[in-house]
Amino acid sequence: MATPIEQIISGLRAHGKAFDLIKKNSMGKYFVIPIIINIVLVCVLVWGGWGLGDWVSSLWDTSQGGWLSWLGAAVQWVMPFIFFLLFIFIGGTICNVLMSPIYTTISEKTDTALTGREFSTTAGQTAKDIWRTVVISMKNTIKQLLVTVVCLLLNVVPVIGQVLSIVMIFIVNAYYFGYGFMDYSNERWRRNAKETNEVVYRYKFLAITIGAVYALPMYIVCGTFFAAFIGGVSTVAATIAQMELENKDSITPTVQPN
């Protein structure tokens, strides 16, 4: 089986290969969609903030002036700002969920570009895939939250515990980010939840590497605005690296080529 170092190196190198593959196979058009989704999301949230602010300020009479008038004006301006901050914190997650069908297509096209295989599906299979994704996502979210809470308990230890808490939470989030990007391949290869867990755990250092490369620029540089764009690159990189490692380890996925 691929060693931890091999998994990490494969995950890092796959990002450089991802950009070349995206360019050579004219996949850039898929990365315009997240920009549109982000713009729509921020407009909807800010508009919703204005609407909610107007409704709240209408609950009292502001026509007489005084502090109630000032409070009404403040609410109308503050609510859109609060909703914009809400977008900053959760917009990337929402956008990634909405981008899931696009990520699936990107992963399939990456597989096709590397192997020449084509994949077909039916309405029934699509419904099964959606349900599978929902179940796995819910389970992973619960696990992620529980482990994060445990990591937060380390903060009771001054300095060392606080540093360890930050590092462990980042690793946990990176693992589950990477899990999500690898799952597009596992879904395409018709792996059930148990098989997916086993494969991702086998390549856990790859999952952490893919997730870390995704998380670092999102948290430090780009924020949620480009999360879905970065996620598309991470999907390609995860597909490339996972296929390389599974081929090296002689693991044959179950596929349904046309």
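Residues numbered from 1 in each chain as written. Predicted model: local features only at pLDDT ≥ 70, side-chain atom pairs only at ≥ 80, totals over all residues. Heavy atoms only, no water.

### Some remarks on the packing of aromatic side chains
Move 1: One pass over the structure, following the stated rule, counts six aromatic pairs.
Move 2: Between Tyr103 and Tyr184, the aromatic rings sit 5.7 Å apart at their centres with planes inclined by 70°, giving edge-to-face as the arrangement. One end of the pair, Tyr103, is in helix α4 (residues 100-115); the other, Tyr184, is in helix α6 (residues 160-188), and 81 residues separate them in sequence.
Move 3: Owing to a relative accessible area of 1%, Tyr103 belongs among the buried residues under this scheme.
Move 4: For Tyr184, a relative accessible area of 11% corresponds to the buried category.
Move 5: Plain terms: the ring middles of Phe181 and Tyr214 are 5.0 Å apart, the flat faces sit at 70° to each other, and that makes the pair edge-to-face. Here Phe181, found in helix α6, pairs with Tyr214, found in helix α8 (residues 204-222); they are 33 residues apart in sequence, far enough to count as distant. (Phe/Tyr/Trp six-rings, centres within 6.5 Å; stacked < 30°, edge-to-face > 60°. Helix = DSSP H or I, 4+ residues; strand = E, 2+ residues; numbered from the N terminus. Buried < 20%, exposed > 50% of the residue type's maximum accessible area, 1.4 Å probe, protein only.)

### Description of the pattern of salt bridges
Move 1: This model, assessed by the stated rule, comprises six salt bridges.
Move 2: Taking the shortest distance from any N to any O, the salt bridge between Glu244 and Lys17 comes out at 2.7 Å. In this pair, Glu244 is assigned in helix α9 (residues 227-248) and Lys17 in helix α1 (residues 4-24), connecting sequence segments 227 residues apart.
Move 3: You can call Lys17 partly exposed: its relative accessible area is 36%.
Move 4: A salt bridge links Glu246 to Arg191; its shortest N-O distance comes to 2.7 Å. (Salt bridge = Lys/Arg side-chain N within 4 Å of Asp/Glu carboxyl O.)

### Section: the nonpolar core
It is characteristic of soluble globular proteins that their nonpolar side chains tend to be buried jointly.
Move 1: Residues Met27, Ile106, Phe181, Met182, Tyr203, Leu206 and Val236 are the most contacted members of the largest nonpolar core, which totals 40 residues.
Move 2: Counting residues per element, the ones that place at least two in this core are α1, α2 (33-57), α4, α5 (123-152), α6, α7 (193-202), α8 and α9.
Move 3: Apart from residues no more than four positions distant in its own chain, Leu206 is found in contact with Gln7, Gly11, Met182, Ala241, Gln242 and Leu245. (Core = buried A, V, L, I, M, F, W, Y, C linked by side-chain atoms within 4.5 Å. Contact = heavy atoms within 4.5 Å.)

### Re α5
Move 1: Taking 1.5 Å of rise per residue, the 30 residues of α5 would be expected to cover 44 Å, and the 43 Å separating its terminal C-alpha atoms lies within 8% of that figure.
Move 2: Along α5, the residues classified as buried are Gln125, Asp129, Arg132, Ile136, Asn140, Gln144, Thr148 and Cys151.
Move 3: The secondary structure elements touched by the buried residues of α5 are α6 and α7. (Expected span 1.5 Å × (residues − 1).)

### Quick word on the side chain of Asn186
Move 1: Inspection of the secondary structure assignment puts Asn186 in helix α6.
Move 2: By relative accessible area, Asn186 is classed as buried at 0%.
Move 3: Within the structure, the side chain of Asn186 is placed 2.9 Å from the side chain of Gln242, a separation counted as a polar contact.
Move 4: Other than its neighbours up to four places away in sequence, Asn186 contacts Arg132, Arg191, Thr196, Val199, Val200 and Gln242. (Polar contact = N/O pair within 3.5 Å; in protein donor to acceptor, adjacent residues only side chain to side chain.)

### What about α6?
Residues separated by three or four positions in an α-helix point in the same direction, a consequence of the helix having 3.6 residues per turn.
Move 1: Its 29 residues give α6 an end-to-end C-alpha distance of 43 Å, which sits within 8% of 42 Å, the value for a rise of 1.5 Å per residue.
Move 2: The sharpest bend along α6 reaches about 35° and sits at Met182.
Move 3: Following α6 by one or two positions, Arg190 adopts a phi angle in the positive range, close to 60°. (Bend = angle between axes of the 7 residues up to and from the residue.)

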